[in-house]
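Examining the three-dimensional arrangement
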Amino acid sequence: MTFKRLMSFAVIMSLALWSCQKKEPDSSGNAHLKGPRASEKLRILTTISPLYSFTKNIAGDAAEVENLLPSGAGPHDFSLSPMDAKKVTDARVLVINGVGLEAWLDKVIDAANMHGDDDGKLIVADTSRGVEVMNKDPHIWLSPQNAIIQVRNIRDALIKADPRNRDIYAANAEAYIISLNNLDSEISSEIKTWSKKEFVAYHSAFGYFARAYGLQQVAVIQETPETEPSPRHIASVVETIKAKGIKSIFTETQASHKIISSLATDLGLKVYSLDTLEKGSPGRQWYEDRMRVNLVVLGEALK
Ligand SMILES: [Zn+2]
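For the structure given in this document, a descriptive report is provided here. Model, not experiment: these values are computed from the prediction.

From N to C terminus, the chain includes ten helices and ten strands. Here the chain holds 303 residues, and the buried ones make up 46% of them. Taking contacts inside the chain between residues at least 6 apart in sequence as the whole, the part at least 24 apart equals 62%. On the chain, roughly 16000 Å² of surface is accessible, and the fraction owed to carbon and sulfur atoms is 54%.

What follows is about the sheet that holds strand β6 (residues 123-126). Backbone hydrogen bonds hold the strands of a sheet together, and the pairing may be parallel or antiparallel. Pairing is parallel in the open sheet, where four strands are placed in the order β4-β3-β5-β6. If you trace the sheet from one side to the other, it starts and ends with β4 (63-67) and β6, each paired once. Shown here is a sheet whose adjacent strand axes are inclined to one another by a mean of 20 degrees, direction ignored. Of the strand pairs in this sheet, strand β3 (residues 42-46) and β4 are connected by five bridges, and their pairing is parallel. By the bridge assignment for β4, L42 is matched with A63.

Strands sit in the order β8-β7-β9-β10 across an open sheet of four strands; the sheet is parallel. The open sheet has two edge strands, β8 (216-222) and β10 (270-274), and neither has a second partner. For this sheet the average axis-to-axis angle between neighbouring strands, irrespective of direction, equals 30 degrees. Bridge analysis of strand β7 (residues 198-203) against β8 gives five bridges, and the strand direction is parallel. Bridge pairing in β8 places F199 opposite Q217. Relative to β8, helix α8 (residues 231-244) is tilted by about 150 degrees, and along the sheet it contacts β7, β8 and β9 (248-252). Along the sheet, helix α10 (residues 286-302) makes contact with β7, β9 and β10, crossing β10 at roughly 165 degrees.

The tally for this structure, following the rule as stated, stands at seven aromatic pairs. Residues F54 and Y287 carry aromatic rings whose centres are separated by 4.9 Å and whose planes lie at 75 degrees to one another, so their mutual orientation is edge-to-face. Here the residue F54 occupies a position in helix α2 (residues 49-59), and Y287 occupies one in helix α10, the gap between them amounting to 233 residues. Using a relative accessible area of 0% as the deciding quantity, one classes F54 as buried. Here the aromatic cluster, defined as three or more aromatic residues joined through ring pairs, consists of F54, Y176 and Y287.

This paragraph deals with the environment of L215. Within the secondary structure layout, L215 lies in the loop between α7 (207-213) and β8. It is 9.9 Å that separates the C-alpha atoms of L215 and W194, two residues lying 21 residues apart in sequence. In contact with L215, not counting residues within four places along its chain, are I191, W194, K196, K197, F199, F209, A210 and L302.

Criteria and cut-off values
Note that residues are indexed from 1 along each chain, following the sequence as it is written. Per-residue local features of the predicted model are confined to residues with pLDDT of at least 70, and side-chain atom pairs are confined, for both listing and counting, to 80 or more; whole-chain, interface and lining totals are unaffected and use all residues. Excluded from the side-chain calculation are hydrogens and water; included are all heavy atoms of the structure. The numbering of helices and of strands both runs from the N terminus, where a helix is a DSSP run of H or I of at least 4 residues and a strand a run of E of at least 2. Classification of residues uses two cut-offs on accessible area relative to the type maximum, computed with a 1.4 Å probe and protein chains only: under 20% is buried, over 50% is exposed, and between them is partly exposed. The criterion used for residue contact is that any of the two residues' heavy atoms lie within 4.5 Å. Where accessible areas are quoted, they stem from the Shrake-Rupley method and a 1.4 Å probe; at the residue level, only the protein chains shown are allowed to cover. For two strands to count as paired, DSSP must find a minimum of two bridges between them. For helices, the fitted axis covers only the stretch in contact; all axes are lines through C-alpha atoms, and the angles between them, taken along N-to-C directions, range from 0 to 180 degrees. Any Phe, Tyr or Trp ring, taking Trp's six-membered ring, that has another such ring centre within 6.5 Å forms a pair; planes under 30 degrees apart are called stacked, those over 60 apart edge-to-face, and the others tilted.

Honestly, it's all geometry; don't read function into it.
Set out below in structure tokens:
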């Protein structure tokens, strides 16, 4: 192509682009270009803190990420306000944990799906897709290998909603998966050195973590979230603790539990505090940091 032909080609292309752009008269009567839609960032709403942390790592600065649950609210008994419902409707991508954790969102998702054409529809990323679920236990994020599956599901939803930034999401996800794999190896090689493998937890959150690292959650105090355990159940937990020679019990950072302290006194147990990562004010590093804190606490009890 000669220089002259190249120049005329460039002129034609810029004219063609110009005529494609939408012109609107402003108040002064002059035509001006409408703000390009391309500058609008993808709006993503996540439900719980670990999902916010995952999504923020994948999105970087290319999208806006907001977490639905306020830092002090737990997902098991959350009730949706009209303002929360609006956040769902305003988002383009909704990132959920799945496994029934967000049953309080079902109606809003159904309603959001009835609006708009395919281009404007809410994309729901169920991050549990592909995770090997145990007994309908929703606490999948407490295993880093599950977290990696969740990250891949989020990445795919972001690319579907915003293909322009495909490369950014793919590269960020890849880097984050490397760092989650490092976390996984670190936990795994640490736990291998521990002499004790059995533990008792307050609510049945650590099943996936235990399965991933060869630990055994031999009993849980509270079988159903937000429900007081029956005296009969407590009696069976006491039996297990005695039979297995358990010396420590794990409670949760966010709560104080009368049952735990009376069990501890009666049976001479040490009480440790684990984080289920259901609540918190997460940032990019949050998930990995909290998992490492749990590892230290578990290690104090089981080494
Ligand atoms: Zn829970």
